[in-house]
There are 2 protein chains.
Amino acid sequence: MHTVAARAGVSIASASRVLNGVGGSAETIRKVRAAAAEVGYVPNAIARSLQSQRTGLVALAVEDIGNPVYVAMMRAIESVVASSGRQLLVHATGGRIDNETALLRRLANRYVDGMIISPIRVTADHLAALVDSPVPVVVVGQLGADAPVDNVRTDSRHGVALAVDHLVAGGRRRIGFVNGPLDTVPGAARDAGFRAALARHDIPLDEDLVEVGDFQYAAGRAATERLLARTEPDALLCANDLIAVGALHALLAAGRRVPEDVALVGMDDTELARMMFPQLSSVSLGSAERGRRAAELLLQRIADPALPPRREQVPPGLVVRASSAGPSPTADRAPTAGEPLTAGEAGQPAPPAPRPSTDPLAGPITDPFAGPAGPAPTHPSSEGASS
Amino acid sequence: MHTVAARAGVSIASASRVLNGVGGSAETIRKVRAAAAEVGYVPNAIARSLQSQRTGLVALAVEDIGNPVYVAMMRAIESVVASSGRQLLVHATGGRIDNETALLRRLANRYVDGMIISPIRVTADHLAALVDSPVPVVVVGQLGADAPVDNVRTDSRHGVALAVDHLVAGGRRRIGFVNGPLDTVPGAARDAGFRAALARHDIPLDEDLVEVGDFQYAAGRAATERLLARTEPDALLCANDLIAVGALHALLAAGRRVPEDVALVGMDDTELARMMFPQLSSVSLGSAERGRRAAELLLQRIADPALPPRREQVPPGLVVRASSAGPSPTADRAPTAGEPLTAGEAGQPAPPAPRPSTDPLAGPITDPFAGPAGPAPTHPSSEGASS
DNA sequence: TTGTACGCGTTATCAG
DNA sequence: CTGATAACGCGTACAA
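Residues numbered from 1 in each chain as written. Chains lettered and ligands numbered in written order. Predicted model: local features only at pLDDT ≥ 70, side-chain atom pairs only at ≥ 80, totals over all residues. Heavy atoms only, no water.

For chain A, an unreviewed UniProt entry supplies the name LacI family DNA-binding transcriptional regulator and the organism Micromonospora costi.

Pasting the structure below:
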């Protein structure tokens, strides 16, 4: 800038003004522009930030950038953030809480203008660090109590209920559940939702049907193998799609047919669910939508830090695909009215015509219990809102 | 810092020295430390950067952060970068070249200390922007000629050859090829490799067996459907794993058995290959290793910008799994005894029965042409979840 | 409109 | 060892 000003024969203040588009006579503008172009001037973002107190950077902290659900969320956030002229800084926390608190602490050095964080474990001082963060923070996920923090959540308990309702409606009674760690917020919420949903259907819970691993493929597979070694489910609900893929492999390797012998439902409704064969039914928790909303909340707060804390909720929905389509063949009941006539009975000769439900090209089948496709309305009555 | 110094009764210079661990008498250190703790002093990273001319940020630009191959690369890079105390800034370019050049131009504002970029298209001025970048840049991928840019590459032509050799050794002759765009660097290299490999085996190339889409799942599926509509391959090589998953779905939906009717091989050897059923054979291009090496090159260059340009090469390998295991059944082989029906309702093609070699639990089978088993599976990543 | 001068928060230099 | 002071590069009151 100094050299530009010298070259244009003006003061650095005039040069700065022209380059920022404020003020300047026609002649000055011309000279400065020319000089800047000649020397290939590019403003130093650091110095600019020191002056403006804003970096134009927004951070996103999730535990695993490899999980497709976070990829979806990240894309949505990046889209919003980029369209505001900012850049996105991505952190992988690994779910380790010390890692996250360190991140929050580092926030104080003002390297980012704001942060979106999706913690899976929340402790007291974690929460404390959140509320008195020196820069705006938006939390994606359940946050105990009504902490004064911008927060976008979904009702995963209700999401679990949607899945259980669907399975029960298909005649399944021995519904297994492969969950993530119970000391995580999503793990605890799903566990509670599962137990509540079974109770609502007067189905006694057989603890043999419940397994816990972590939220990954390998753990999901191992947990399912343990479960299959001791009992015989006719359906399996998995706490996320990665687990569901692991469960699918365990089931197929054990000779179970999906969905005939065991219906399978995942959660998060990621790309992965559509990429499996058979395609996986999955509970959509609106991850992209939550990301989008979180990004918007953050940008608003950056613009006006005095805003009161806000909380938004994205309703879950159930997307039924081949892995849980059709009633259980063991169920001796007439198909429920409204149940899509998709499933052929085992042993029935195959109609040559491709049927929508099993063709991977076909779109998702909407569950009769879930209402119209996409997010379904919430049931605050039957399901508690927060953890 | 000003208030800390005042509170400690020393000059800001002394405070700075103590907080940076250089110099200071025992008494001064005590006073400054106490004062800093009292006011909860946190150094301002921007001001520090303005002075030190380094931000501690490193950028990574890839086409699609949702592609598992880039996730693997990203993880490897993040690991190296984080262990040097820096942070990783991730950009999704969408493969649009204007996007990348804009990114390179913005590099001039000094917001990052260096950048790793994996371009899939390279033009002349793109290359020019690369070579006279104001900050260190390392390129992952083929770079035409011997541009004076740090560069980590693999030999994807050789990788394609490994796959073709393997398929031919299994008795396959009508080998199809589903590629990405030919105007991309990887697309062109794979195409050339495929043609060369066939020629080496004296197999005439039937253009009906070649299809082109982009490097995504949906395009891979559509391309495979087009291919199947006009000809009958006994093997399919796909330019990456996302395409291979799309091809798998197209094959199964068309009633082809994998690998009995059509052997399937992907490229990149991502997690996705292991998550499919049957598990996909895939050409490992060492993406994690290339990422690791690129990060190390970048850190070295940041430390010493005077270093001469370096080029490293990571050899490809073939990981054989169920999707291409065993010889072609058309080569005289008795059908397997009693394949149990596994998944799928009537009309839905069932995935192959879990034979020992296809058990997803089993480790990859080493291809005789590939030498020792490919790179170890990705490190145990953090758990995945959602809320 | 233009130029001077100060401040953003730190670190580094140089006398004392 | 310590303190005053000059950068770092830019934006912007303020006065001319």
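Text resumes after the structure shown.
(A) Geometry of the domain arrangement of chain A. Residue and element names in this part refer to chain A. Domain annotation for chain A reports domain 1 (1-43), domain 2 (57-153 + 289-313) and domain 3 (156-285). One C-alpha centre belongs to domain 2, the other to domain 3, and the line joining them spans 29 Å. Across the boundary between the two partners, domain 2 contributes nine residues, which contact twelve residues of domain 3. Interface area, domain 2 with domain 3, both sides summed: about 930 Å², of which 58% is carbon and sulfur. Looking only at domain 2, the three residues that lose the most surface to domain 3 are Pro-68, Ile-120 and Arg-121, adding up to 45% of its buried area. At the boundary of domain 2 and domain 3, one finds one salt bridge. Across the pair Arg-121 and Asp-183 runs a salt bridge, and its minimum N-O distance is 2.7 Å. (Domains from an automatic or database assignment. Contact = heavy atoms within 4.5 Å. Buried area = accessible area lost by both parts, 1.4 Å probe. Salt bridge = Lys/Arg side-chain N within 4 Å of Asp/Glu carboxyl O.)

(B) Up close: the protein's contact with DNA strand C. As a structural note, the neighbourhood of DNA strand C is formed by 24 residues, with Ser-14, Arg-17, Ser-25, Thr-28 and Gln-51 of chain A the closest of them. Near-protein atoms of DNA strand C (within 4 Å) split between backbone and bases, with sugar and phosphate holding 63%. The separation between a base nitrogen of DNA strand C and a polar side-chain atom of Gln-51 of chain A is 2.8 Å. In this structure, a phosphate oxygen belonging to DNA strand C sits 2.9 Å away from a side-chain N or O atom of Ser-16 of chain B. Looking at the surface near DNA strand C, the elements that each hand over two or more residues are helix H2 (12-19) and helix H4 (45-52) of chain A together with helix H2 (12-19) and helix H4 (45-52) of chain B. (Near = heavy atom within 4 Å. Polar contact = N/O pair within 3.5 Å; in protein donor to acceptor, adjacent residues only side chain to side chain. Helix = DSSP H or I, 4+ residues; strand = E, 2+ residues; numbered from the N terminus.)

(C) Broad picture of the protein's contact with DNA strand D. Around DNA strand D, the structure places 23 residues, and the nearest of them are Tyr-41 of chain A together with Ser-14, Arg-17, Ser-25 and Thr-28 of chain B. Near the protein, meaning within 4 Å, the atoms of DNA strand D are sugar or phosphate in a fraction of 64%, with bases accounting for the rest. Between DNA strand D and Met-1 of chain A there is a distance of 3.4 Å, counted from a phosphate oxygen to a backbone nitrogen or oxygen. Within the contact set of DNA strand D, a phosphate oxygen lies 2.6 Å away from a side-chain nitrogen or oxygen of Ser-25 of chain B. When contributions to the surface near DNA strand D are tallied by element, the ones reaching two or more residues are H2 and H4 of chain A together with H2 and H4 of chain B. With four residues, the single largest contributor to the surface near DNA strand D is H4 of chain A. Class assignment of the residues belonging to the surface near DNA strand D gives a composition of nine nonpolar, eleven polar and three charged. (Nonpolar A, V, L, I, M, F, W, Y, C, P; charged D, E, K, R; others polar.)

(D) A look at the pairing of strand E10 (residues 281-284) of chain B. All names here are of chain B. On E10, burial covers both faces: Ser-281 and Val-283 on one face and Ser-282 and Ser-284 on the other are all buried. Sheet topology note: the strand E9 (residues 263-267)/E10 ladder contains three bridges and is parallel. Within E10, the position partnered with Val-265 by the bridge is Ser-281. In the sheet, E10 pairs with strand E12 (residues 317-320) via three bridges, with the strands oriented antiparallel. Counted as the bridge partner of Ser-282 is Val-319 from E12. (Buried < 20%, exposed > 50% of the residue type's maximum accessible area, 1.4 Å probe, protein only. Pairing = 2+ DSSP bridges.)

(E) Spatial organisation of the pairing of strand E5 (residues 150-154) of chain A. Residue and element names in this part refer to chain A. With five of its five residues buried, E5 lies for the most part within the structure. Alternating residues of E5 divide into Asp-150, Val-152 and Thr-154 and Asn-151 and Arg-153, and every residue in both groups is buried. Bridge count for strand E4 (residues 137-140) against E5 is three bridges, and the pairing is parallel. What sits directly across from Val-138, in E5, is Asp-150. Here E5 runs beside strand E11 (residues 311-314); their pairing, made up of four bridges, is parallel. Across the sheet, the residue bridging to Asn-151 is Arg-311, located in E11.

(F) Broad picture of the pattern of salt bridges. Residues and elements named next belong to chain A. A full pass over the atoms with the stated rule returns 46 salt bridges over all chains. Here Asp-208 makes a salt bridge to Arg-230, at a shortest N to O gap of 3.7 Å. With Asp-208 in the loop between helix H9 (185-200) and strand E7 (210-212) and Arg-230 in helix H10 (residues 217-230), this pair connects stretches of sequence that are 22 residues apart. Here Asp-208 falls in the partly exposed class, since its relative accessible area comes to 35%. Look at the salt bridges and you will find they share partners, linking Glu-289, Arg-292, Arg-293, Glu-296 and Glu-312 into a network.

(G) Focus on the UniProt feature "domain: HTH lacI-type" (unreviewed entry) in chain A. UniProt tags residues 1-52 of chain A as "domain: HTH lacI-type" (unreviewed entry). For residues 1-52 of chain A, the end-to-end C-alpha separation is 17 Å, with 71% helix and 0% strand making up the annotated structure. (UniProt positions renumbered as here; feature names shortened; annotations may be inferred.)

(H) Representation of the confidence of the model for chain A in the model. Confidence in the prediction for chain A averages 85 pLDDT; 85% of positions are at 70 or higher. The model gives residues 332-387 of chain A a pLDDT under 50, and that stretch makes 95 contacts with residues more than four places away or in other chains. (pLDDT = per-residue confidence, 0-100.)

(I) Spotlight on the packing of H10 of chain A against helix H11 (residues 241-253) of chain A. Residue and element names in this part refer to chain A. Contact pair H10 / H11: the axes reach a minimum separation of 7 Å and the direction vectors enclose 45°. When the interaxial angle is binned, H10 and H11 end up oblique. In this structure, the crossing between H10 and H11 has a hand that is right-handed. On the side of H10, the interface is formed by Tyr-217, Gly-220, Arg-221, Thr-224, Glu-225 and Leu-228, while H11 contributes Leu-242, Ile-243, Val-245, Gly-246, Ala-247, His-249, Ala-250, Leu-251 and Ala-253. Tallied by class, residues from the contact of H10 with H11 come to nine nonpolar, four polar and two charged. (Axes fitted to C-alpha atoms, helices over the stretch in contact; angles between N-to-C directions. Parallel < 35°, antiparallel > 145°, perpendicular 65-115°, else oblique. Left-handed = near helix turned anticlockwise from the far one by under 90°.)

(J) Region of the structure containing H9 of chain A. Residues and elements named next belong to chain A. Helix length check: H9 (16 residues) gives 22 Å between terminal C-alpha atoms against 22 Å at 1.5 Å per residue, within 8%. Within H9 the residues assigned to the buried category are Val-185, Pro-186, Gly-187, Ala-189, Arg-190, Asp-191, Gly-193, Phe-194, Ala-197 and Leu-198. Buried residues along H9 sit against helix H8 (156-169), strand E6 (175-179), E7, strand E8 (235-238) and strand E9 (263-267). Between the side-chain oxygen of the N-cap and the backbone nitrogen of Gly-187 there are 3.0 Å, and the N-cap of H9 in question is Thr-184. (Expected span 1.5 Å × (residues − 1).)

(K) Quick look at the packing of aromatic side chains. Residue and element names in this part refer to chain A. Evaluated as defined, the whole model comprises two aromatic pairs over all chains. For the pair Phe-177 and Phe-194, a centre-to-centre distance of 4.5 Å together with 20° between the ring planes defines the contact as stacked. Linking Phe-177 in strand E6 with Phe-194 in helix H9, this pair joins segments that are 17 residues apart in sequence. Each member of the pair, Phe-177 as well as Phe-194, carries the same accessibility label: buried. (Phe/Tyr/Trp six-rings, centres within 6.5 Å; stacked < 30°, edge-to-face > 60°.)

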